[in-house]
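These are the residues of each chain, in order.
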Amino acid sequence: MTASDPAATTSLPIGTDADLAWVRQRVRQFAAGLGFGLIQQTKLVTAASELARNTLVHGGGGRVEITALADGPRRGIRLAFRDTGPGIGDVELAMTDGYSSACGLGLGLGGAKRLVDEFTLDSRPGQGAVVTVVVWVAGVPAARAGSG
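Residues numbered from 1 in each chain as written. Predicted model: local features only at pLDDT ≥ 70, side-chain atom pairs only at ≥ 80, totals over all residues. Heavy atoms only, no water.

## Let's talk about the overall build of the protein
In step 1: Summing up its helical and strand segments, the protein has 4 helices and 5 strands in all.
In step 2: When the helices and strands of the protein are read in sequence order from the N terminus, they spell out β-α-α-β-β-α-α-β-β.
In step 3: For the protein, the residues scored as buried account for 38% of the 148 residues in total.
In step 4: Considering only residue pairs separated by 6 or more positions, the protein has 64% of its internal contacts joining residues 24 or more positions apart. (Helix = DSSP H or I, 4+ residues; strand = E, 2+ residues; numbered from the N terminus. Buried < 20%, exposed > 50% of the residue type's maximum accessible area, 1.4 Å probe, protein only. Contact = heavy atoms within 4.5 Å.)

## Details of the pairing of strand S4 (residues 118-123)
In step 1: With 6 bridges joining them, S4 and strand S5 (residues 129-136) adopt antiparallel strand pairing. Residue pairing for S5: Ser123 is matched across the bridge by Ala129.
In step 2: Between S4 and the antiparallel strand that follows it, S5, lie 5 residues; Gly126 among them carries a positive phi value of about 85°. (Pairing = 2+ DSSP bridges.)

## Thoughts on the packing of aromatic side chains
In step 1: Counting across every chain of the model gives 0 aromatic pairs.
In step 2: The side chain of Arg74 reaches across the aromatic face of Trp136, ending 3.8 Å from its centre. (Phe/Tyr/Trp six-rings, centres within 6.5 Å; stacked < 30°, edge-to-face > 60°. Lys NZ or Arg CZ within 6 Å of the ring centre and 35° of its normal.)

## A look at helix H1 (residues 17-33)
Because the α-helix completes a turn every 3.6 residues, residues three or four places apart line up on one side.
In step 1: In this model H1 runs 25 Å from its N-terminal to its C-terminal C-alpha over 17 residues, within 8% of the 24 Å that 1.5 Å per residue would give.
In step 2: Asp19, Leu20, Val23, Arg26, Val27, Phe30 and Ala31 are the residues of H1 that are buried. Mapping the buried residues of H1 onto a view down its axis gives an arc of 130°, with all of them on the same face. Opposite its buried face, H1 presents the exposed residues Asp17, Ala18 and Gly33, each directed more than 90 degrees away.
In step 3: Residue Gly35 follows H1 closely and has a positive phi angle near 95°. (Expected span 1.5 Å × (residues − 1). Arc of directions from axis to C-beta.)

## Section: helix H2 (residues 38-57)
In step 1: Compared with an ideal rise of 1.5 Å per residue, which puts 20 residues at 28 Å, H2 spans 28 Å between its outermost C-alpha atoms and is within 8% of the ideal.
In step 2: Every buried residue of H2 is listed here: Gln40, Gln41, Leu44, Val45, Ala47, Ala48, Glu50, Leu51, Ala52, Asn54, Thr55 and Leu56.

## Section: the environment of Thr10
In step 1: The topology assignment puts Thr10 in strand S1 (residues 9-14).
In step 2: Its relative accessible area of 13% is what places Thr10 among the buried residues.
In step 3: For the pair formed by Thr10 and Arg26, sequence separation is 16 residues and the distance between their alpha carbons is 9.5 Å.

## Overview of the sheet that holds S5
In step 1: Strand order in the open sheet made by the 5 strands is S1-S2-S3-S5-S4, with antiparallel pairing throughout. Among the strands making up the open sheet, the edge pair consists of S1 and S4. On average, adjacent strands in this sheet sit at an angle of 15° to one another, irrespective of strand direction.
In step 2: Sheet analysis places strand S3 (residues 74-83) next to S5, joined by 8 bridges and oriented antiparallel. Directly across from Leu79, in S5, lies its bridge partner Val133.
In step 3: Its contacts with the sheet put H1 on S1, strand S2 (62-71) and S3, and the angle it makes with S1 is roughly 160°.
In step 4: Lying on the sheet, H2 is in contact with S1, S2, S3 and S5; it crosses S3 at an angle near 15°. (Axes fitted to C-alpha atoms, helices over the stretch in contact; angles between N-to-C directions.)

## Section: the environment of Arg75
In step 1: Mapped onto the fold, Arg75 is located in strand S3.
In step 2: A residue is classified by how much of its surface remains accessible, and Arg75, at 39% relative accessible area, is partly exposed.
In step 3: Along the chain, Arg75 and Phe36 lie 39 residues apart, while their C-alpha atoms are 9.1 Å from each other.
In step 4: Here Arg75 is in contact with Leu34, Gly35, Leu69, Trp136 and Val137, once residues within four sequence places are set aside.

Honestly, it's all geometry; don't read function into it.
So this is what it looks like as structure tokens:
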């Protein structure tokens, strides 16, 4: 898949720590190819890293689907992290800032949500989880009043 082909989706396995590094690399490549700036790339890769780790650690592994998006002139990227693990028993608690079920200092689901434009979580106990995020390429910031 290339960033210029918005209909294509790439699916990557998440089953080992090495897969986590590969997911981060591929997400950064896609974001750069779509025209994301360095700060946006970093935010997206940070969120992807947290969600991929959650997929591995809490979901027992799974997959991420990376899709380039086009909506008129807008370009973006959708990441869907899927696992078939135990699911999230208390979604509201899991979304709470500072909450960690792994005694870690990770960003958490709430932190990942703040780094993206759109965030959805679908989980049922015993049926795994799907976390989907979307980020749109930010336009060039407008000049500040009085600058010039």
